[in-house]
Amino acid sequence: MSDSNDPEAIQADIERTRADLAATVDQLTGRLQERKTQAKDLGVKVAAGGAVVLLLVVVVRVVRSRRSS
C-alpha cells in the first residue's frame with residue numbers, strides 16, 4: 001500500500017488490491033467446489049452402503065423364513 005497522496009499511486013494500490021481479492025475469491029470458490037464434490041461422493045457412498053445393508057437384511061429374513069417353513 002502506498003503512503004502517497006498521489007492519485008495514480010492510490011489507483012494502482014486499489015487495482016492491486018482488487019486483483020488480490022479476485023484471486024482469493026477464486027481460490028476459495030475452488031476449495032468450496034472440491035468440498036461439495038467430496039460431500040456428494042461421500043453421500044453416494046453412504047447411500048450405497050445403506051442399500052447393501054438393507055439387501056443383506058432382506059436376504060437374511062428370506063433365508064430364515066424359508067428355513068422355518
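Residues numbered from 1 in each chain as written. Predicted model: local features only at pLDDT ≥ 70, side-chain atom pairs only at ≥ 80, totals over all residues. Heavy atoms only, no water.

J.: With reference to specific residues and values, describe the overall build of the protein chain.
T.: When helices and strands are tallied, the protein chain shows one helix and zero strands. Taking 69 residues into account, the globule formula puts the C-alpha radius of gyration at 11 Å, and the protein chain, at 29 Å, lies well above it. The dimensions of the protein chain, computed from C-alpha atoms along their principal axes, are 95 × 10 × 10 Å. A total of about 6500 Å² of accessible surface is found on the protein chain, and carbon and sulfur atoms cover 60% of it. Considering the protein chain, the positive charge centre built from 11 side chains and the negative charge centre built from 9 side chains are found 35 Å apart. (Helix = DSSP H or I, 4+ residues; strand = E, 2+ residues; numbered from the N terminus. Rg over C-alpha atoms; globule rule 2.2 N^0.38 Å. Areas by Shrake-Rupley, 256 points an atom, 1.4 Å probe, with all protein chains shown as cover. Lys, Arg positive; Asp, Glu negative; His and termini not counted. Charge placed at Lys NZ, Arg CZ, Asp CG, Glu CD.)

J.: Outline a nonpolar patch on the surface, supporting the account with residue identities and numerical values.
T.: On the surface, Leu-54, Val-58 and Val-62 cluster together into a nonpolar patch covering about 250 Å² of accessible area. Tracing the sequence through the fold places Val-62 in helix α1 (residues 7–68). (Patch = residues over 30% accessible without salt bridge, like charges linked within 9 Å, V, L, I, M, F, W, Y side chains within 5 Å. Salt bridge = Lys/Arg side-chain N within 4 Å of Asp/Glu carboxyl O.)

J.: Hey, could you go over the pattern of salt bridges for me, with residue numbers and the actual values?
T.: Tallied over the full model, the rule gives one salt bridge. Residue Asp-13 pairs with Arg-16 through a salt bridge whose shortest N-O separation is 2.2 Å. One end of the pair, Asp-13, and the other, Arg-16, are both in helix α1, three residues apart, so they sit about a helical turn from each other.

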